[in-house]
Each structure stands twice: as structure tokens, then as C-alpha cells.
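Chain residues, written in single-letter form:
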Amino acid sequence: MMIESLLFYAFAALAILSALLLVHIRNIARALFLLFIVLFSMAGLYLFALADFIAITQILVYVGGVLILLIFAFMLSNKELLDDLQSSSKRFISLPNWQAIILALAFLSLMIYSYISWAQDMPEWISQAEAKGRMILPTDNNIKILGFKFMTQYVLPFEVISVFLMMALIGAAHLSRKESNK
Amino acid sequence: MITLTHFLVVSACIFCIGLYAVLAKRNTIMILVGIELMINAAILNFVAFGKYDKVNYGGQVFAIFAIVLAAAAVAVGLAIILNVYRHFNTINPQNIHELKD
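Residues numbered from 1 in each chain as written. Chains lettered and ligands numbered in written order. Predicted model: local features only at pLDDT ≥ 70, side-chain atom pairs only at ≥ 80, totals over all residues.

This is how it is decided: UniProt positions are given in the numbering used here, feature names are shortened, and annotations may be inferred rather than shown by experiment.
Identification of chain B as NADH-quinone oxidoreductase subunit K from Sphingobacterium arenae is taken from an unreviewed UniProt entry. According to its UniProt record, chain B has this under Catalytic activity (unreviewed entry): "a quinone + NADH + 5 H(+)(in) = a quinol + NAD(+) + 4 H(+)(out)".

Dropping the structure here:
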């Protein structure tokens, strides 16, 4: 029990601190590699909610796909970025984006206040699940049950989302091609 | 013992960092990174609540759907960013203020 919460706090601190550093840092390439750390530690946090398949999917899709795509886009639009960084770094170092900081902090305090005040009385379905023992346990075979659920109960959303993903990828490839006949 | 509130507070922190990135950054790729952080916070919420739903496994199933949607969104978004860069030679959203050619 002790080492479990210790690991949870370590992953949470790693995620939050590297996300803070990510939005603070000016070098885009370093920020993208910090996003790497954030996504890995978020995958670690999913493990504590007993979602092992989601954690593996996160590592495969985000770290293997999305992050590589972001790094490619960064390198393909690199030239202007460096000028932009150098020209604006002097002007904005004295005046941080205080409106955005105030808005984000206000939203954060609102959410945390509502979570703390909500923590005393759980919703009914959660307390019922806790009372009847219908929670997901570490000994369950999650991946097998998830596969059965995808092919039986959630088969229509599964097919819709696969067709949607194909449409989006074809559209992206069509958008980013070089226009030759112009 | 890790309760539900722990997960919710962590995901609120990540969500607000993503919100700050969307509001304050002057680079379209960093805005996209902020959106990704917010989607990750939402997925953490899905998974944390899905722990209590053994009958339907709704939280984990919809977490996977959210990951697929985020991947599709980032693919289309990066294609649009590359087109905008080819057209305007900048990806600062404050300099992109014309719809016409």
C-alpha cells in the first residue's frame, strides 16, 4: 500500500512538473521531448486506475505516432520559428501572459474546490459498486474482457470510429500533398 | 490508498496547464500540444471513473475512443499547419488573419 501511493505521487509529480516546464520553455524541440515524458508518466498513471491496455495504447499511439508527427511538423516549419523566438524573447520576458495565467489558475481552483467539496458524498453508482464489489480488481483479465466488449456490446461505435479514422487519415494525406497542377 | 479525488486533482492540473498553453502560446504547434494535454487529462478522468464500472467497462472503452479521436485530430491539424506554413510562411496564429488568397 505504501509503495503504491509513493509511486503514484512520483508519477503525478513527474507529469505535472514536466508539463509546467513544457509550457515555460521557449525551445520548441525541448518542449516536444518534455511532452514525451508527460505522456509516459500519464501512461503510468493509467496503470494505477487498473487500465493496462489503455496505458499500452497510449504509449503506442501517442509516443509512437502523435509525437513523431509533431516533431516532423516542427522540423518542416522550422525556419520562421527561430526568427520568431529571437525577436519576441526580449519583449515578453518582462511581461508574462498574465491574463492566461489568471484564467488557468481560476479554472484550476474552481475544479479543485468542487472536487474537494464533492469528495464527501460520492455518486450513487460509485458507492453501490464499492458496496457490492463490482470494481475492477488487479486480478482481472482486463484485455480479454475489453476485447469481448469491443466485439459485442460496443461493436457499432467501434466500426464507426474505424471508418472515421480512415476518413481523417485520407483527408490529412490529401491536404498535405504538394499541389503540382497549378 | 489512492482515491478517486487523487486522479481528479492530477487531471485538473494537467488540464489547466494545457489550457494555459492554448491561451498563451504564439506557435500553432504548441497550441496543438496544449490540446493534447487537455485530451490526456480527459482520458485520465475516463479511466479513473471506469475503475468502478465492471459491468460495461465504459470508461476504458471510451478512453480508447478518445485516444483514436485525438490521433485523427492531430493528423488533420498538422496537415492544416503545414499548408498554412506553405502559404503564409509563418505559423504564428496572430499573423494569420486573412481567409482570402
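Next, the rest of the story.
As for the interface of chain B and chain A
Filter applied, for reference: Distance between backbone-placed C-beta atoms decides contact: two residues are in contact if it is within 7 Å. Every helix listed is a DSSP run of H or I at least four residues long, and every strand listed is a run of E at least two residues long, numbered separately from the N terminus. The residue classification treats Ala, Val, Leu, Ile, Met, Phe, Trp, Tyr, Cys and Pro as nonpolar and Asp, Glu, Lys and Arg as charged. All others, Gly included, are polar.
Listed by partner, the interface residues are 57 residues for chain B and 68 residues for chain A. Among the elements that make up the side of chain B that touches chain A, the one with the highest residue count is helix H3 (residues 58-88) of chain B (19 residues). Split into classes, the residues belonging to the side of chain B that touches chain A amount to 44 nonpolar, ten polar and three charged.

What to know about the nonpolar core
Put simply, the rule is: A set of buried residues qualifies as a nonpolar core if it consists of Ala, Val, Leu, Ile, Met, Phe, Trp, Tyr and Cys joined through C-beta atoms within 7 Å. Counting other C-beta atoms within 10 Å of a residue's C-beta gives its exposure: the residue is buried at 20 or more, exposed at 12 or fewer, and partly exposed in between, where C-beta atoms are placed from the backbone.
Membership of the largest hydrophobic core comes to 72 residues, with the highest contact counts inside it found for Tyr46(A), Ile29(B), Leu44(B) and Val47(B). Breaking this core down by element, the ones donating at least two residues are helix H1 (2-24), helix H2 (28-48) and helix H3 (52-76) of chain A together with helix H1 (4-24), helix H2 (28-50) and H3 of chain B. In this structure, Val47(B) is in contact with Tyr46(A), Ala49(A), Ala51(A), Ile54(A), Gly59(B), Gln60(B) and Ala63(B), ignoring residues within four places of it in sequence.

Some thoughts on the environment of Asn141(A)
Locating Asn141(A) in the fold gives a position in the loop between helix H6 (124-132) and helix H7 (142-151). Each C-alpha atom of the pair Asn141(A) and Asp52(A) lies 10.0 Å from the other, and the pair is 89 residues apart in sequence.

Topic: H3(A)
Residue and element names in this part refer to chain A. Inclusion rule: Multiplying one less than the number of residues by 1.5 Å gives the expected span of a helix. The seven residues ending at a residue and the seven starting there each receive a fitted axis; the angle between those axes is the bend at that residue.
A rise of 1.5 Å per residue sets the reference length of H3, with its 25 residues, at 36 Å; its end C-alpha atoms lie 35 Å apart and thus fit the reference within 8%. Taken as a whole, H3 carries its principal kink of about 30 degrees at tyrosine 62. By the burial criterion, the buried members of H3 are Ile54, Ala55, Gln58, Tyr62, Val66, Leu70, Ala73 and Phe74.

Things to note about the environment of Leu39(A)
Residue and element names in this part refer to chain A. Positionally, leucine 39 belongs in helix H2. For the pair leucine 39 and alanine 172, spaced 133 residues apart in sequence, the C-alpha to C-alpha distance is 23 Å. When sequence neighbours within four positions are dropped, the list of residues in contact with leucine 39 reads Gln58, Tyr62, Val63 and Leu67.

So, the UniProt feature "transmembrane region" (unreviewed entry) in chain B
All names here are of chain B. This chain's UniProt record puts "transmembrane region" (unreviewed entry) on residues 6-23, 30-49 and 61-85. As annotated, residues 6-23 has a helix share of 100% and a strand share of 0%, and its two end C-alpha atoms lie 26 Å apart. Taken end to end, residues 61-85 has its terminal C-alpha atoms 36 Å apart, with 100% of it in helix and 0% in strand.

Quick look at the packing of H1(B) against H2(B)
Residues and elements named next belong to chain B. Which entries qualify depends on this criterion: Lines are fitted to the C-alpha atoms to define the axes, a helix being fitted only along its stretch in contact, and any angle between axes, read from their N-to-C directions, falls within 0 to 180 degrees. Here the word oblique covers every angle except those under 35 degrees (roughly parallel), over 145 (roughly antiparallel) and from 65 to 115 (roughly perpendicular). When the near helix sits turned anticlockwise from the far one by under a right angle, the crossing is termed left-handed; a clockwise turn instead gives a right-handed crossing.
At a closest axis distance of 7 Å, the pairing of H1 and H2 adopts a crossing angle of 165 degrees. With respect to their mutual orientation, H1 and H2 come out roughly antiparallel. In terms of crossing hand, the pair formed by H1 and H2 is left-handed. Judged by residue contacts, Leu4, Phe7, Leu8, Val10, Ser11, Ile14, Phe15, Ile17, Gly18, Leu19, Ala21 and Val22 of H1 engage Met30, Ile31, Val33, Gly34, Ile35, Leu37, Met38, Asn40, Ala41, Leu44, Asn45 and Ala48 from H2. Residues that form the contact of H1 with H2 fall into these classes: 19 nonpolar, five polar and no charged.

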